[in-house]
Structure formats: structure tokens, C-alpha cells
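Remarks on the overall topology
Below, each chain spelled out in residue letters.
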Amino acid sequence: MIDVHGLAKQYQVGDHVVHALRGVTLSAAAGEFVTIVGPSGSGKSTFMHILGCLDRPTSGRYLLNGRDVSTLPGDELARVRNETIGFVFQGFNLLARTSALDNVELPLLYTRQGVVKSDERRNRAMAALDAVGLTDRADHHPSQLSGGQQQRVAIARALVTQPSLLLADEPTGNLDTTTSHEVMEIFARLRRDRGITMVVITHERDIAAYGTRTVDFRDGLIVSDVPNVAREMVGHR
Amino acid sequence: MRKLLRHPVVATAIKALGRNRLQTGLTVLGIAVGVATVLAMMAVGAGAQRSIEQQVRAAGLNQITIRAGNWRPKVEESDEAIAHQGDARESLRHPLERRRGDVMPIAFHPEDDPMEKHDHPTARQRLGDLEAGLGSAATMTFDDAEAIRRLPGVQYVAGGIHENVRVHLDQKRWFTRMHGTDVMMPSIKRAWMFTSGRFFTAREQDRASQVVVLGQVVADRLFGAGANPVGQDVSLWNQSFEVVGVITSATWVVRPAPGDDQFDAVYMPYTTTQRLLNLSKLNDITVTAESSGDISRLSREITRLLRVRHGIGDHESDDFTLITQAARALTTGGLPPSVARAVASNVAELEKVTLEQLALTMERASRTMTWLLAAIAAVSLLVGGIGIMNITLLSVTERTREIGLRMAVGARRRDVMRQFLFEAVVISTAGGLIGVIVGVIASIGIARALRWATVVSPLSVMLAFGVAAAVGVFFGWYPARRASRLDPIVALRRE
Ligand SMILES: Nc1ncnc2c1ncn2[C@@H]1O[C@H](COP(=O)(O)OP(=O)(O)O)[C@@H](O)[C@H]1O
Ligand SMILES: [Mg+2]
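1. A look at the overall build of chain A
Assigned secondary structure in chain A consists of eight helices and ten strands. Going through the 237 residues of chain A one by one, you find that 55% of them count as buried. The long-range fraction of contacts in chain A, counting pairs at least 24 apart against all pairs at least 6 apart in sequence, stands at 69%. Only carbon and sulfur atoms are counted for the fraction: they give 47% of the accessible area of chain A, which is about 10,200 Å².

2. Considerations on the nonpolar core
Ranked by size, the top nonpolar core spans 57 residues in total, and within it Ile66(B), Leu236(B) and Val287(B) carry the most contacts. By residue number, the principal contributor to this core is strand β3 (residues 154-169) of chain B, which donates seven residues. Setting aside chain neighbours within four positions, we find Leu236(B) in contact with Val165(B), Arg166(B), Val167(B), Met178(B), Phe241(B), Val266(B) and Met268(B). Listed in part, the 52 residues of the second largest apolar core include Ile85(A), Val199(A), Phe420(B) and Ala483(B).

3. Some points on the sheet that holds strand β7 (residues 165-169) of chain A
Residue and element names in this part refer to chain A. In space, the six strands of this open sheet follow the order β6-β7-β8-β3-β9-β10, with mixed pairing throughout. In this open sheet, the two strands that pair with only one neighbour each are β6 (85-88) and β10 (221-227). Neighbour to neighbour, the strand axes of the sheet diverge by 15 degrees on average, direction disregarded. Of the strand pairs in this sheet, β6 and β7 are connected by four bridges, and their pairing is parallel. Residue pairing for β7: Val 88 is matched across the bridge by Ala 168. The strands touched by helix α5 (residues 147-159) within the sheet are β6 and β7, with β6 carrying the most contacts at an inclination of about 170 degrees.

4. Points about the interface of chain B and chain A
Across the boundary between the two partners, chain B contributes 22 residues, which contact 23 residues of chain A. Counting the surface lost from both chain B and chain A, the interface buries some 2,000 Å², and carbon and sulfur atoms represent 60% of this. The largest per-residue losses of area from chain B upon contact with chain A belong to Leu405(B), Val409(B) and Ile489(B), which jointly make up 27% of the total buried on that side. Here chain B and chain A share one salt bridge between them. Its salt-bridge partner being Arg414(B), residue Asp75(A) comes within 2.4 Å of it at the nearest N-O pair. If you look at where chain B meets chain A, you find five residue pairs in polar contact (both at pLDDT 80 or more). Going through the elements one at a time, α2 (8-19), α15 (400-408), α16 (413-450) and α18 (488-493) of chain B are the ones with two or more residues in the side of chain B that touches chain A. It is α15(B) that contributes the most residues to the side of chain B that touches chain A, six residues altogether. Taken together, the residues of the side of chain B that touches chain A break down into nine nonpolar, one polar and twelve charged.

5. Concerning the environment of Ala128(A)
Residue and element names in this part refer to chain A. Structurally, Ala 128 can be placed in helix α4 (residues 118-131). Looking at Ala 128, the relative accessible area reads 7%, which means it is buried. Beyond its immediate chain neighbours, meaning those up to four positions away, Ala 128 contacts Val 104, Ala 156 and Val 160.

6. With respect to the side chain of Asn228(A)
Within the fold, Asn228(A) resides in the loop between β10 and α8 (229-235). Excluding its chain neighbours within four sequence positions, the residues that come into contact with Asn228(A) are Ala208(A), Ala209(A), Gly211(A), Thr212(A), Arg213(A) and Thr214(A).

7. Re the site of ligand 1
Residues and elements named next belong to chain A. Not every one of the 13 residues close to ligand 1 is listed here, only the nearest: Gly 41, Gly 43, Lys 44, Ser 45 and Thr 46. Within the backbone of Ser 42, one N or O atom sits 3.2 Å away from an oxygen atom of ligand 1. Here ligand 1 has 560 Å² of accessible area as a free molecule, and 69% of this is covered by the chains. Only β1 (2-13), β2 (16-28) and α1 (44-51) provide two or more residues apiece to the shell around ligand 1. For the shell around ligand 1, the element with the highest residue contribution is α1, accounting for three residues. Across the shell around ligand 1, the residue classes break down as five nonpolar, six polar and two charged.

8. Quick look at the pairing of strand β9 (residues 265-269) of chain B
Residue and element names in this part refer to chain B. Across the five residues of β9, five count as buried, placing the element largely inside the fold. Where strand β4 (residues 172-181) meets β9, five bridges bridge the pair, whose relative direction is parallel. Paired with Thr 181 across the two strands is Pro 269, which belongs to β9. Sheet analysis places strand β6 (residues 211-215) next to β9, joined by two bridges and oriented antiparallel. Within β9, the residue paired with Leu 214 across the bridge is Val 266.

9. Looking at the confidence of the model for chain A
Looking at chain A as a whole, its pLDDT mean stands at 92, while 97% of the residues score no less than 70. Contacts for the low-pLDDT stretch residues 231-237 of chain A, under 50 throughout, to residues beyond four places or in other chains number six contacts.

10. Quick word on α2(B)
For α2(B), spanning twelve residues, the distance from its first C-alpha to its last is 16 Å, which sits close to the expected 16 Å at 1.5 Å a residue. Listed as buried for α2(B) are Pro8(B), Val9(B), Val10(B), Thr12(B), Ala13(B), Ala16(B) and Leu17(B).

11. A short note on unusual backbone geometry
All names here are of chain B. With a phi angle near 50 degrees, Asp 170 is a residue other than glycine that sits in the positive phi range. As for its position among the elements, Asp 170 is in the loop between β3 and β4. Taking the relative accessible area as the measure of exposure, Asp 170 reaches 70% and is therefore exposed. Phi is positive for Trp 237, which is not a glycine, with a value near 50 degrees. Along the chain, Trp 237 falls in the loop between β7 (233-236) and β8 (239-249).

12. Let's talk about the packing of α5(A) against helix α6 (residues 177-194) of chain A
Residue and element names in this part refer to chain A. Look at α5 against α6: their axes get within 9 Å of each other, and the N-to-C directions meet at 20 degrees. With respect to α6, the axis of α5 lies roughly parallel. The element α5 and its partner α6 pack so that their crossing is right-handed. Along the contact surface, α5 presents Gly 148, Gln 151, Arg 152, Ile 155 and Leu 159, while α6 presents Thr 179, Glu 182, Val 183, Ile 186, Phe 187, Leu 190 and Arg 194. Here the contact of α5 with α6 is built from residues that sort into six nonpolar, three polar and three charged.

13. A word on the packing of helix α6 (residues 142-149) of chain B against helix α11 (residues 295-309) of chain B
All names here are of chain B. Orientation of α6 relative to α11, taken along the N-to-C sense of each, is 140 degrees, at an axis distance of 11 Å. Viewed along their axes, α6 and α11 adopt a mutual orientation that is oblique. Our pair here, α6 against α11, has a crossing hand that is right-handed. For the pair formed by α6 and α11, the contact residues are Asp 143, Asp 144, Ala 147 and Ile 148 on the first element and Ile 302, Leu 305, Leu 306 and Arg 309 on the second. A per-class count over the contact of α6 with α11 returns five nonpolar, no polar and three charged.

14. Brief notes about the packing of aromatic side chains
All names here are of chain B. This model, assessed by the stated rule, comprises ten aromatic pairs over all chains. Taking the centre distance of 5.8 Å and the plane angle of 45 degrees together, the rings of Trp 192 and Phe 199 count as tilted. Of the residues examined, Phe 199 reaches a relative accessible area of 8% and is grouped as buried. Taken together through their ring pairs, the aromatic side chains of Trp 192, Phe 194, Phe 199, Phe 200 and Tyr 267 make up a single cluster.

Cut-offs used in this document
- Residues numbered from 1 in each chain as written.
- Chains lettered and ligands numbered in written order.
- Predicted model: local features only at pLDDT ≥ 70, side-chain atom pairs only at ≥ 80, totals over all residues.
- Heavy atoms only, no water.
- Helix = DSSP H or I, 4+ residues; strand = E, 2+ residues; numbered from the N terminus.
- Buried < 20%, exposed > 50% of the residue type's maximum accessible area, 1.4 Å probe, protein only.
- Contact = heavy atoms within 4.5 Å.
- Areas by Shrake-Rupley, 256 points an atom, 1.4 Å probe, with all protein chains shown as cover.
- Core = buried A, V, L, I, M, F, W, Y, C linked by side-chain atoms within 4.5 Å.
- Pairing = 2+ DSSP bridges.
- Axes fitted to C-alpha atoms, helices over the stretch in contact; angles between N-to-C directions.
- Buried area = accessible area lost by both parts, 1.4 Å probe.
- Salt bridge = Lys/Arg side-chain N within 4 Å of Asp/Glu carboxyl O.
- Polar contact = N/O pair within 3.5 Å; in protein donor to acceptor, adjacent residues only side chain to side chain.
- Nonpolar A, V, L, I, M, F, W, Y, C, P; charged D, E, K, R; others polar.
- Near = heavy atom within 4 Å.
- pLDDT = per-residue confidence, 0-100.
- Expected span 1.5 Å × (residues − 1).
- Parallel < 35°, antiparallel > 145°, perpendicular 65-115°, else oblique.
- Left-handed = near helix turned anticlockwise from the far one by under 90°.
- Phe/Tyr/Trp six-rings, centres within 6.5 Å; stacked < 30°, edge-to-face > 60°.

Below, the structure is given as C-alpha cells:
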């Protein structure tokens with residue numbers, strides 16, 4: 001699914017160069033649930049942006065489903081983001097004054113076939129909301145939803161194009177413990193039921209434990225990469 | 001329509017514009033004011049131009065008359081030099097003397113005109129009317145008229161045969177002027193109005209029908225004032241003619257009076273005249289130019305054309321006489337009041353210039369006005385456009401995260417570009433729409449309140465609307481491009 005080799009990213013800030021990533025190598029098979037931990041500023045988000053085709057590496061190679069996406073032109077990257085990848089952000093990033101349903105429909109406005117017809121858009125968005133258990137809130141605006149519900153809407157939006165890779169950058173950062181676990185349960189279930197590959201960044205150890213594998217970042221490098229056997233068992237509890 | 005409103009690009013635009021309702025409203029207002037001003041000004045400009053043109057045309061400034069023969073009459077206006085008498089037994093007076101109010105009567109009769117030639121004098125005998133077929137100098141043909149019609153810049157052409165006739169209704173009779181003319185004549189004589197009925201038709205002209213249109217004076221004298229003669233028969237040259245219409249003057253400047261050439265006259269198809277009098281020639285051809293400033297050129301072209309057609313050698317003189325109304329009006333002295341009013345403010349030393357130059361000056365003045373209005377339009381739309389750019393930039397700034405999000409879920413740069421461009425165009429076309437409505441109402445209001453002629457043409461409406469849309473595209477371009485160039489990561493991180 002993901003095959004990253006020697007990934008480096010540098011930022012020019014004033015006269016000095018910031019090395020956000022210094023050569024990251026990582027492979028993840030389809031259906032894996034990778035959690036990424038590490039201190040602030042260690043390059044987790046930078047790595048995820050590259051995985052999500054929002055950014056290109058300064059050097060190194062990134063194969064997504066066997067295709068080298070590190071050199072694709074902008075429009076192609078937009079297509080990959082639309083079809084293959086789903087994003088979940090810490091701050092939800094829902095459009096205000098817009099119903100949950102309309103928020104979920106958003107990616108369907110930018111498909112390869114153009115704007116999906118409104119009936120089909122609605123059906124697919126409802127199906128995605130159903131997957132996160134929010135069909136009864138379809139007409140609610142973000143301001144009328146709790147944080148957990150908002151994040152579930154955001155997950156539904158990420159799912160609506162049926163991507164094979166779901167990326168989440170600290171998805172529980174703004175949520176309390178109970179809701180955090182609800183959200184993580186959804187991720188685990190999506191991986192289990194649909195075989196979606198998951199990459200989730202988190203600060204919290206117990207959240208990281210949902211992964212089948214936890215990767216630890218420090219100063220732009222992976223310092224540990226361990227399978228999480230216990231989680232598999234917990235998952236079947 | 002509902003489907004269109006639900007289209008995501010449209011729905012997003014509506015939602016986005018709703019966010020800054022006040023700013024959007026003010027910008028729409030700005031564009032609307034610009035467009036309305038443009039439209040109203042264009043209407044006033046076009047109206048002024050049209051009324052000047054109309055006055056010029058009504059005065060006949062765009063008119064050329066080509067008369068058969070090259071004689072110069074003692075009287076400048078031979079058309080007006082119609083002998084007239086209230087009663088056939090009364091002696092006719094020379095109109096020049098009459099006009100000057102001279103007390104000395106000079107006997108004058110149309111048959112005394114030594115210059116008149118008759119190509120078929122026997123017509124009188126055939127018709128049994130001793131006066132039939134008089135006054136037909138004969139060098140021009142219908143084909144000459146057709147050839148002139150094909151010249152560029154020509155508006156209307158009418159061939160004419162003119163006779164002095166006696167019109168009989170039972171025992172009453174009236175000695176007047178007969179014009180055998182073309183169906184086009186009412187278009188040339190803009191100052192005509194129909195008291196009743198109509199002019200003769202092209203069909204009647206083709207068939208040389210015996211129909212006649214009476215001037216008001218003739219109708220009043222024969223039928224009595226207020227009577228409607230349409231449908232009744234009168235006789236000319238012992239032939240019966242059906243009256244189809246009565247004409248009078250449409251302006252207060254000219255009043256029908258006995259002895260005038262227009263309303264103390266009868267009109268019939270020239271074909272009818274040719275048939276009955278057995279004539280093949282035309283007395284004159286009346287030509288109007290599309291533009292009154294074009295008279296000189298057209299006069300030269302007509303002269304050249306007719307000389308070629310009549311086979312006149314280089315050293316021979318013309319066998320026709322070309323008269324322009326401009327020259328005529330100057331020599332008879334004084335301007336028609338309507339024209340004088342229209343031009344007096346534009347031209348100093350009125351008496352030194354010919355009317356044709358005046359017409360040219362007027363056209364130039366209205367062109368200057370048009371440019372001035374275009375400048376005003378440009379300024380107001382520039383201001384409106386800057387407003388659009390401003391609000392679109394504001395929108396881009398406010399919605400940076402939204403842009404980042406759309407990009408993250410698959411929007412391409414061109415999708416973002418299109419969205420913001422569309423929003424700018426929505427503002428400008430909304431302004432354009434309101435502006436057009438307000439502008440049309442304002443134009444009508446100006447016309448009513450100030451008694452100015454205003455002309456709102458579909459073209460000017462389309463132009464104003466199109467310009468508004470173009471302003472949206474032009475001034476929305478930069479903000480839209482800016483939005484599309486955003487880095488999604490930076491955009492998403494923006495608070
Ligand atoms: N756009 C940028 N310009 C300059 N430096 C950046 C930029 N984005 C990230 N960095 C730097 O790269 C490093 C890694 O950042 P990031 O990937 O956000 O870390 P994390 O998500 O692990 O907290 C940090 O030192 C950060 O300051
Ligand atoms: Mg981060």
C-alpha cells in the first residue's frame with residue numbers, strides 16, 4: 001500500500017534550513033493500522049502531508065499502491081487525494097453553516113467524472129454518515145453537533161469517496177477521553193470491515209495502542225517501529 | 001432554475017456571498033449604479049442624437065432633389081411656385097409676389113411656363129382634359145431612380161411626376177397640385193401625419209390603381225372641414241379616383257395652407273400618372289441620405305451617375321438639376337425654428353455656415369458626447385470593479401481554510417479558480433441586472449420629467465449587462481487566481 005524510502009523534507013526559513021524529515025523509510029501493507037507517535041516538531045505532520053499527497057518530499061521516493069506519486073503534477077495529486085486518500089484533521093475542518101450531509105458530500109464535487117449527480121451524492125453521503133452512526137444528524141450544522149459528532153462527520157466525509165487509505169492527524173486532540181475512544185473504535189472497525197489502511201498520529205499512548213503497529217518519530221527520523229500484538233487481542237475483546 | 005440554484009458551484013457562491021451580506025450588497029449597489037448610469041446616459045445620448053437627426057431630417061437636410069432639365073427658374077422654389085387659386089376663375093398669382101405680400105398681382109398660369117416640355121401632348125385629347133399632361137420636362141426615367149437607389153448611403157428614393165390639376169367632387173372643383181409619387185414618400189416626408197386613411201400601397205403602385213391621397217387643404221375645400229373623405233370618389237382628368245387617405249402636417253412649424261406644395265396637393269402612384277398621361281419620364285427624383293453629413297458626397301455621386309447614364313460628354317452641361325434642401329433653405333433665408341434651436345448653441349456665426357456644415361457639426365457634437373459618456377461609464381465601472389476585487393479578496397482571506405480543505409479532498413486549482421471567479425461574476429451580473437432595470441426606469445423618468453428624448457435599445461441593455469459581467473471576470477481574476485495558488489497545507493493551518 002505505502003512504500004516510502006529515504007524520505008527527506010527541508011524548509012528554508014530565513015537563512016537557515018529546517019530539516020523536518022531526514023530520511024524516513026517505511027512500508028505498510030494494505031489493511032494495516034499504523035499509529036504514529038513522537039514529540040511535537042518531530043516531523044509527524046510533515047510525513048503525513050507527504051503520505052496524503054498534499055506536499056512533495058525534497059528527496060526520497062514514495063510509492064502509493066506501487067505508483068510513484070512524489071513527482072506527480074498538481075492536478076494528478078488532487079485526483080489521488082480525491083480517490084485514494086481520506087483525511088481526518090484535529091480541528092475537524094467542517095464548513096460552518098453547512099449541514100453535515102453537505103459537508104460529507106464535498107469530495108463528491110471533485111471526482112474524476114466531475115460533480116456527482118445530486119441524488120447519488122446524497123445517497124453516498126447518507127451511506128457514509130450511516131457508517132459513523134450519524135444519519136439522524138444529517139441536517140445539523142457543525143455548531144449544532146458535539147465535538148465527537150463533528151469528528152464523526154469529518155470521518156464520514158473522508159469515507160465518502162471510498163478511499164483505500166485513511167490519514168488522521170491527531171484526530172482525538174480536541175476530544176475528551178470517552179469520545180476519543182469512540183472515534184478510535186470507528187477507525188478500528190473500518191479497518192476490520194473494509195480493509196482500509198489507517199495511519200493515525202497521536203500523542204496518547206492508549207490511543208496509539210489501537211494500531212496494529214506503532215511508529216515513533218524523533219527529529220525527523222523513525223526511532224522505533226513495533227507491532228502491537230496486544231491491540232489485536234483487545235480488538236477482539 | 002431550482003436545479004441551477006442547487007448546483008454546488010452556485011450554491012456555494014450564494015452561501016459565500018451571504019456571509020458578507022452588507023459588503024456584497026454595497027458592491028452590487030456600486031455596480032448597479034455604474035450600469036444604470038451608463039444605460040441612462042446612453043439612452044439620453046442616443047435620444048439627443050436621434051432628435052437632432054429627426055429635426056435635421058424633418059427640415060429635409062438629408063434630402064436631395066434631382067429635377068429633369070437644366071433650367072434655372074426665376075423663382076428659387078419651383079415646387080412652391082405653384083399657381084394657386086381658390087376658384088378656377090380667379091387669376092393666379094405669382095407665389096413669390098404673394099409671399100412677399102406684394103400688392104401687385106401678376107397674372108400667372110402653369111401653362112405659361114416656357115420651360116415645360118410635353119412628351120405626349122395628345123394625352124389631353126385622349127382624356128378629354130385640356131390641362132392633362134402639362135409640366136412634364138422629360139430627361140429622367142424610372143431606371144435612373146433605380147440606379148440611384150443602389151448607391152451606398154442612400155436611404156429612400158422616390159420618383160415624381162408633378163402636374164397642376166383640377167380635382168372635381170360633383171359640382172365642386174379645386175385647382176391644385178398633383179404629385180405622382182412613390183410609396184416611399186411618407187418615409188421621406190417625416191413631418192406628415194394622416195388625418196384619416198393611409199398612403200397608397202406598393203400593390204396599388206404596381207397596378208397603377210386610380211387611388212388618391214388628399215392634402216388637408218384639398219380635403220377641406222372639397223368635402224368640408226371635419227369630413228372624412230376616405231372611400232369616396234373624386235375625379236381628375238375626367239377619371240374617377242378613390243380617396244384612400246388625407247395627410248396633414250405633423251409639426252406646428254408647418255401648417256397646411258392654400259397654395260403650399262404639400263397639403264394643397266393630391267398624391268397618387270407615379271405609375272398611375274404614367275399610365276393615364278401616357279408618360280414614360282419622371283419630373284424629378286427625391287433622394288434622402290442615411291446621414292445628413294453625407295449630402296455633398298452623395299450629390300457628387302448622383303451627378304456622376306446620371307451624366308454617365310444620360311451619355312453627357314465632358315464639356316456638355318447636365319440635363320438635370322440637383323438641389324439640396326440645405327442650399328435651398330439658405331437661399332430662401334432663415335432656418336426652420338426647430339433646427340435653429342437645436343444648433344444655435346453649437347455654432348457661432350450661424351449665417352456663415354451652410355446647413356450641411358451644421359448637420360456635420362451636430363453629428364460631431366453628439367459623437368463627442370458619446371465619448372464623454374463612455375468615459376463616465378469607464379470610471380463608474382472601474383470603481384465597481386475595484387469593489388468586486390476587494391470583496392473577493394476578502395472572501396478568499398476569510399475562506400482560506402475552506403479552500404485548503406477543498407483542495408485536500410480533491411479540488412484542483414482550476415476548480416478553486418472557477419468558484420471565486422463565479423462569485424465575482426455573480427456580484428457583477430446581479431449589479432448589472434439591477435442596474436439595467438434602474439437604468440431603464442431612470443431613462444423613462446428622464447424622458448417624462450425633463451421632456452428629453454431617451455432611447456433604450458436592446459443593444460445598449462445587452463452591452464451594459466455584458467460589460468458588467470466582463471467587469472466581474474476582469475476584477476475577479478486576480479483574487480481567484482490567488483485563491484487557486486494557495487498551498488493547501490498553509491491554507492489548512494490558517495486560523
Ligand atoms: N511550512 C513550514 N515551514 C518551515 N518549517 C516548517 C514548516 N512546516 C513544518 N516546519 C517545521 O518542521 C518541523 C516538523 O514539523 P511538524 O511536521 O509539524 O511536526 P509535528 O507534527 O511532529 O509536531 C518543525 O520544526 C516545524 O517547525
Ligand atoms: Mg503535527
